[in-house]
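Commentary on secondary and tertiary structure
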Amino acid sequence: MKHINILMVDDHPIIIEGYQNVLMATKDDDQTLLIDTANNCDTAQLMINRASKGTPYDVCFFDISLPPSEDGRYASGEDLALLAKKVLPDAKIIILTMFNESFRIHNIIKEINPDGFLIKSDLTSMELADAFQQILKYPPYYSSTVSNYVKKTITSEIYVDDINRKILHLLSQGIKTKSLSEYIPLSTSAIEKRKKQLKLLFSVTDGKDETLLQEAREKGYL
């Protein structure tokens, strides 16, 4: 049995109940989901800090709009996500929000680079179930609004520059991601970020490097 420890933070209890019901009804047979919930920043930050000293969360869901903490240190789900990234480095971070303006999407990707980014108006229960399973195995998963925004900005901003071509070339030579920084003057995390962007750009849905290379070959980049 695979135990998955989950934290869900949203200020609407009925929404959390909906998420829980969907995940419980669609989980794999060998998965046991242990779900904690919080409705505000104070409770959530206590739970995150407690988990960092005990049993860490595997997945954290954060709504962006939340009542701020009493001391004013945490004003939103973004602040909590940054705390979780710091003290729970192995946890998958999923952002769920009603905000769909480009600058909010851009800032969340830039600041948090979440494993899952879902706009609530894009979501069906089936998509939430699929997203959850994909994020566990092959993150990232972005819902359609985010995905479309990222494709547009990546296409106009970085597209396939020389460094990205080099990453693709080295991967095709069988060089492992963790060794790429020996060949490219970037940190492993910066290379990982570029790989994530390339997978979005080439519409790789299974998260696999082989699929990325196949797509890049088909489009003439290798």
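Everything numeric here is computed off the predicted structure, so don't read it as measured data.

Geometry of a packed helix pair, given as the angle between the helix axes and the separation of the axes. It is at 10 Å that the axes of helix H2 (residues 41–53) and helix H3 (residues 77–87) come closest, and there the two elements cross at 5 degrees. Judged on the interaxial angle alone, H3 and H2 are roughly parallel. Across the interface between the two elements, Cys41, Ala44, Gln45, Ile48, Asn49 and Ser52 of H2 pack against Leu80, Leu83, Ala84 and Val87 of H3. Here the contact of H2 with H3 is built from residues that sort into seven nonpolar, three polar and no charged.

Formed by 33 residues in total, the largest nonpolar core has its most connected members in Phe62, Leu80 and Phe117. Elements with a minimum of two residues in this core: strand E1 (2–9), H2, strand E3 (59–63), H3, strand E4 (92–97), helix H4 (102–111), strand E5 (116–119) and helix H6 (144–157). Sequence-distant contacts of phenylalanine 117, that is, excluding residues within four places in its chain, are made with Ile95, Thr97, Ile105, Ile108, Ile109, Tyr141, Tyr142, Ser143 and Val146. Core analysis: the next-biggest nonpolar cluster, separate from the first, contains 22 residues, Ile94, Leu123, Leu128 and Ala129 among them.

One can expect most non-glycine residues to show negative phi and most peptide bonds to be in trans. Proline 140 follows proline 139 through a cis peptide bond whose omega is 5 degrees. Structurally, proline 140 can be placed in the loop between helix H5 (125–137) and strand E6 (141–142). The phi dihedral of asparagine 113 is positive, around 45 degrees, even though this residue is not glycine. Topologically, asparagine 113 is positioned in the loop between H4 and E5. Here asparagine 113 falls in the buried class, since its relative accessible area comes to 16%. One non-glycine residue, serine 203, lies in the positive phi region at around 55 degrees.

Procedures and definitions
- Numbers given for residues are sequential positions, taken from 1 along each chain in its written order.
- In keeping with the predicted nature of the model, local features appear solely for residues at pLDDT of at least 70, side-chain atom pairs appear and are counted solely at 80 or more, and the whole-chain, interface and lining totals rest on all residues.
- Calculated side-chain values reflect all of the structure's heavy atoms, with hydrogen atoms and water omitted.
- To get an axis, a line is fitted to the C-alpha atoms, and for a helix only the part in contact is used. The angle between two axes follows their N-to-C directions and goes from 0 to 180 degrees.
- Counting from the N terminus, the helices are DSSP H or I runs at least four residues long and the strands are E runs at least two residues long.
- Angles are sorted into four bins: roughly parallel if under 35 degrees, roughly antiparallel if over 145, roughly perpendicular if 65 to 115, and oblique for all others.
- In what follows, residue pairs with any heavy atoms lying within 4.5 Å of each other are defined as contacts.
- As a working rule, the residues Ala, Val, Leu, Ile, Met, Phe, Trp, Tyr, Cys and Pro are called nonpolar, Asp, Glu, Lys and Arg charged, and the rest polar, with Gly in that last group.
- Here, nonpolar core means buried Ala, Val, Leu, Ile, Met, Phe, Trp, Tyr and Cys residues that are tied together by side-chain atoms lying within 4.5 Å of each other.
- For every residue, the accessible area obtained with a 1.4 Å probe (protein chains only) is divided by the maximum for its type, and the residue is called buried under 20%, exposed over 50%, and partly exposed between those limits.

As far as function goes, none of this settles anything; it's purely spatial.
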